[in-house]
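Observations on chain architecture
Okay, here's what each chain looks like letter by letter:
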Amino acid sequence: MNRSTRGGLGIFGALVGALLIHGCSSGGSPAGSGTAGSSGTAGTAGNAGSTGAAGSAGSTATAGTSGAAGTAGAAGSTGAAGSAGATGAAGATGAAGSAGATGAAGSSAAGNGGSTGAAGSTSDGGSDAGANADAGAFTLTSPTFKMADGGLVFPASASAPMNQSPELHWTGAPAATLSFALTIYDSTAQNTHFVLYDIKPTEVMLMANLPRGAMPTTPAGASWKSAFGGTPGYEGPGGGGINNYEIVLWALKSGKLDIGTMTLNQIHTTLLPAQSLGSAKILAKGTRNGL
């Protein structure tokens, strides 16, 4: 064998050794990397071109241990449910109140000869009435009074010093009425001017300018009591100022009043209300010599 052939075999042997060494060093566990084996010493070219010895295989590295799993935390206990509150007892139902009685409306009267009618009178307990009175209401009207500034006023004839009683008409008196009484009350001065009482229950009007006297001839059977001395009879407004007056007709459950020594205010505020089945009134302003 010539020198060039021996040289080629030597190089071939070195390559085979290198491949063997590479195959041995690529092993190892996937779990842990083994230390790579050291490369074997390349064989020297022998005289006869013998193959170099293979390097030792690297030992397999020990796989690493897995960490212990953490323990699960204990579940929290469920809280106790709250107890339901007791149902409250229902309150007692209140009793219904009694309905108040409705006051009857008054009517308005037409003036004589097409003159302005008088304002509505008050009836049954003194409630003021308008022009449209309920049918059957106890009402008192008069053509004598005048209208001024939206209200009724006493004329000169029905005021001092003339003192002629006004003409009066009434309707709707209670069926059980046994007599009537008439008063004029000065609500500004709180003074009763007179009382005409024991008027028969069949009467439905009083004429103007009634005669004076304790026992007048008209209306028959009636009696006067007045406040200002002299002959008893009608006494109209006579003060210096303009006062408010109530002309009141009382329907009474007694056929004859016993007034004794009672004052006019006592008769007006105590006796007549106690005997009354109902009343009707006219409200008017007045002063001496009229308005």
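First, a word on what this report is: a plain description of the structure on this page.

1. Focus on the sheet that holds strand 5 (residues 168-171)
- Taken in spatial order, the three strands of this open sheet run 2-5-8, and their pairing is antiparallel. For this open sheet the edge positions go to strand 2 (139-141) and strand 8 (205-206), each flanked by a neighbour on one side alone.
- The pairing of strand 2 with strand 5 spans three bridges and is classified as antiparallel. By the bridge assignment for strand 5, threonine 141 is matched with histidine 169.

2. Here's the deal with the pattern of salt bridges
- Evaluation of the coordinates by the stated rule reveals three salt bridges.
- A salt bridge links aspartate 198 to lysine 256, with the shortest nitrogen-to-oxygen separation between them at 3.4 Å. With a gap of 58 residues between them, aspartate 198 in strand 7 (residues 191-199) and lysine 256 in the loop between strand 10 (243-252) and helix 2 (264-275) connect regions that are remote in the sequence.
- Classification of lysine 256 as exposed rests on a relative accessible area of 60%.
- Taking the shortest distance from any N to any O, the salt bridge between glutamate 235 and arginine 212 comes out at 3.0 Å. Of this pair, glutamate 235 sits in the loop between strand 9 (223-226) and strand 10 while arginine 212 sits in the loop between strand 8 and strand 9, and the two are 23 residues apart along the sequence.
- For arginine 212, a relative accessible area of 36% corresponds to the partly exposed category.

3. Here we look at the environment of glutamate 167
- Topologically, glutamate 167 is positioned in the loop between strand 4 (151-153) and strand 5.
- Within the structure, the side chain of glutamate 167 is placed 2.6 Å from the side chain of histidine 169, a separation counted as a polar contact.

4. A closer look at the nonpolar core
- Counting residues in hydrophobic clusters, the biggest one holds 26 residues, and the most contacted among them are Leu140, Phe154, Leu182, Leu196, Leu206 and Ile247.
- Counting only elements with at least two residues in this core, the list comes to strand 5, strand 6 (179-186), strand 7, strand 10 and strand 11 (276-286).
- With four residues, the top contributor of residues to this core is strand 10.
- One finds Val248, Leu252, Ile267 and Leu272 within the second-largest nonpolar core, a separate group that totals 12 residues.

Cut-offs used in this document
- Residue numbering note: each chain is counted from 1, following its sequence as written.
- This being a predicted model, a pLDDT of at least 70 is required before a residue's local features are given, and a value of 80 or more before pairs of side-chain atoms are given or counted; all residues contribute to the totals for chains, interfaces and linings.
- Values reported for side chains reflect all heavy atoms of the structure, with hydrogen atoms and water molecules removed beforehand.
- Pairing between two strands requires that DSSP report at least two bridges joining them.
- Under the scheme used here, helices are H or I runs from DSSP no shorter than 4 residues and strands are E runs no shorter than 2 residues, and both carry numbers assigned from the N terminus.
- Think of a salt bridge as a Lys or Arg side-chain nitrogen and an Asp or Glu carboxyl oxygen that are within 4 Å of each other.
- Relative accessibility thresholds used throughout: buried, under 20% of the residue-type maximum; exposed, over 50%; partly exposed, between the two (1.4 Å probe, protein chains only).
- A 3.5 Å cut-off defines polar contacts: any pair of N or O atoms within that distance qualifies, except that in protein one atom must be a possible hydrogen donor and the other a possible acceptor, and neighbouring residues in sequence count only when both atoms are side-chain atoms.
- We call a set of buried residues a nonpolar core when its members are Ala, Val, Leu, Ile, Met, Phe, Trp, Tyr or Cys and they connect through side-chain atoms within 4.5 Å of each other.

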